[in-house]
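# Descriptive analysis of the structure
The residues making up each chain are set out below.
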Amino acid sequence: MELSLQHENHRIYAIDQGGRVIAEITFPAVSDKTVDIDHTFVDPSLRGQGVADSLMRAAVADIQVKGMKTRTSCPYAENWFLKHEEFSDMLDK
């Protein structure tokens with residue numbers, strides 16, 4: 001599913017026509033060079049459509065552009081990185 005993702009500093013999200021957040025990922029800075037992907041949310045009506053993967057890819061791209069590394073306190077993000085080893089160099093170990 002294609003959503004119109006909105007980018008803010010350390011947050012990417014999508015809203016429905018009523019202005020309600022229907023998908024979101026947050027990745028606050030924990031240091032000058034590291035963020036923590038700490039939250040992903042996908043509305044139940046959108047689950048199973050690849051929305052969380054799209055959020056992760058958008059966040060990863062944003063983090064890469066900034067030249068930062070990431071931690072993952074969000075279980076979904078942690079599992080995503082395990083499945084996508086091509087991005088393992090982004091992890092702050």
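The coordinates are above.
Residues numbered from 1 in each chain as written. Predicted model: local features only at pLDDT ≥ 70, side-chain atom pairs only at ≥ 80, totals over all residues. Heavy atoms only, no water.

## A few points about the overall build of the chain
Check the secondary structure of the chain and you find two helices and six strands. Reading the secondary structure of the chain in the N-to-C direction produces β-β-β-β-β-α-β-α. A compact globule built from 93 residues should have a C-alpha radius of gyration of about 12 Å, and the chain, at 13 Å, falls within 12% of that. Reported as C-alpha extents along the three principal axes, the dimensions of the chain are approximately 40 × 25 × 20 Å. Counting across all 93 residues of the chain, residues that qualify as buried make up 39%. As displayed, the chain has an accessible area near 5500 Å², and 49% of this comes from carbon and sulfur atoms. Taking the average location of the 10 positive side-chain charges in the chain and that of its 15 negative ones, the two points are 2 Å from each other. (Helix = DSSP H or I, 4+ residues; strand = E, 2+ residues; numbered from the N terminus. Rg over C-alpha atoms; globule rule 2.2 N^0.38 Å. Buried < 20%, exposed > 50% of the residue type's maximum accessible area, 1.4 Å probe, protein only. Areas by Shrake-Rupley, 256 points an atom, 1.4 Å probe, with all protein chains shown as cover. Lys, Arg positive; Asp, Glu negative; His and termini not counted. Charge placed at Lys NZ, Arg CZ, Asp CG, Glu CD.)

## Examining the pairing of strand 2 (residues 11–15)
With respect to burial, strand 2 is a largely interior element, four of its five residues being buried. Where strand 1 (residues 6–8) meets strand 2, three bridges bridge the pair, whose relative direction is antiparallel. Opposite Glu 8, over in strand 2, you have Arg 11 as the bridge partner. Hairpin connection, strand 1 to strand 2: the antiparallel pair is bridged by two residues, and His 10 has positive phi, about 70°. Relative to strand 3 (residues 21–26), strand 2 is paired through five bridges, and the arrangement is antiparallel. Its bridge partner lying in strand 3, Tyr 13 is registered against Glu 24. (Pairing = 2+ DSSP bridges.)

## Regarding the packing of aromatic side chains
Summed over the entire model, instances satisfying the criterion amount to two aromatic pairs. Taken together, a centroid distance of 5.2 Å and an interplanar angle of 90° make the contact between Trp 80 and Phe 81 edge-to-face. With a relative accessible area of 2%, Trp 80 lands in the buried category. By relative accessible area, Phe 81 is classed as buried at 4%. With a centroid separation of 5.3 Å and 25° between ring planes, the pair formed by Trp 80 and Phe 87 is classed as stacked. Among the aromatic side chains, those forming a connected cluster through ring pairs are Trp 80, Phe 81 and Phe 87. Above the ring of Tyr 13, the side-chain terminus of Arg 11 is found at 4.0 Å from the ring centroid. (Phe/Tyr/Trp six-rings, centres within 6.5 Å; stacked < 30°, edge-to-face > 60°. Lys NZ or Arg CZ within 6 Å of the ring centre and 35° of its normal.)

Honestly, it's all geometry; don't read function into it.
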